Amino acid sequence: MHDLMDHPKWRFIASTYESTIGYPLKPWQLLELVEANQDEQVIFAAIQDTRKAPRPSYYYLRAILTRCRAWGINTLSDYLADQQQHRALQNARWRRAAT
C-alpha cells in the first residue's frame, strides 16, 4: 500500500479526494480504485460529483465509478456526454411534470 502513495498519480487522487470530500481514503479504498483501472480523469470527475451528494462518501464515489464501468464510460468525454444526456432527460421530465 505504501508503494501506491509513492506513485504521483495515486497520491494526487488521494489528496484530491481528501481535499474535496473532507476525509482521507482508507488504504483498501485507494487499492480498490487502482485495481478498477479506470481513467484518472473519470475518477476526478466522479470525485467532483460525489462532493455534490447529500452525504458524500467513498461508497457514493464507488457507485458512480461502478456505473461508469457497467455503461462503458471510459473517458472524460464519455462521462461528460453521459452527464449532459442525464440533465436533458431530467429537464424533459420536469417540463412534462409542470404541464
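The structure this text deals with has already been given above.
Residues numbered from 1 in each chain as written. Predicted model: local features only at pLDDT ≥ 70, side-chain atom pairs only at ≥ 80, totals over all residues. Heavy atoms only, no water.

A.B. asks: Can you break down the nonpolar core residue by residue, with the values?
C.D. replies: Membership of the largest hydrophobic core comes to 20 residues, with the highest contact counts inside it found for Tyr17, Leu25, Leu33, Leu61, Leu65 and Tyr79. Mapped by element, the contributors of at least two residues to this core are α2 (8–21), α3 (27–36), α4 (40–51) and α5 (58–70). Among all residues touching Leu65, those that are not within four sequence positions of it are Leu33, Gln38, Val42, Ile43 and Ala46. (Core = buried A, V, L, I, M, F, W, Y, C linked by side-chain atoms within 4.5 Å. Buried < 20%, exposed > 50% of the residue type's maximum accessible area, 1.4 Å probe, protein only. Helix = DSSP H or I, 4+ residues; strand = E, 2+ residues; numbered from the N terminus. Contact = heavy atoms within 4.5 Å.)

A.B. asks: Describe α2, and please don't skip the residues or the numbers.
C.D. replies: Counted at 1.5 Å a residue, the expected span for α2 with its 14 residues is 20 Å, and the 20 Å between its end C-alpha atoms agrees. The positive-phi residue at the C-terminal boundary of α2 is Gly22, with phi of around 110°. (Expected span 1.5 Å × (residues − 1).)

A.B. asks: Quick rundown of the pattern of salt bridges? Include the residues and the values.
C.D. replies: A full pass over the atoms with the stated rule returns four salt bridges. The closest approach of N and O atoms between Glu32 and Arg62, which form a salt bridge, is 3.2 Å. On the criterion of sequence distance, the pair formed by Glu32 in helix α3 and Arg62 in helix α5 is long-range, its members being 30 residues apart. Residue classification places Glu32 among the partly exposed positions, given a relative accessible area of 27%. Looking at Arg62, the relative accessible area reads 30%, which means it is partly exposed. One salt bridge in this structure joins Arg67 and Asp82, with 2.9 Å as the shortest N-O distance. (Salt bridge = Lys/Arg side-chain N within 4 Å of Asp/Glu carboxyl O.)

On their own, these measurements won't tell you what the molecule is for.
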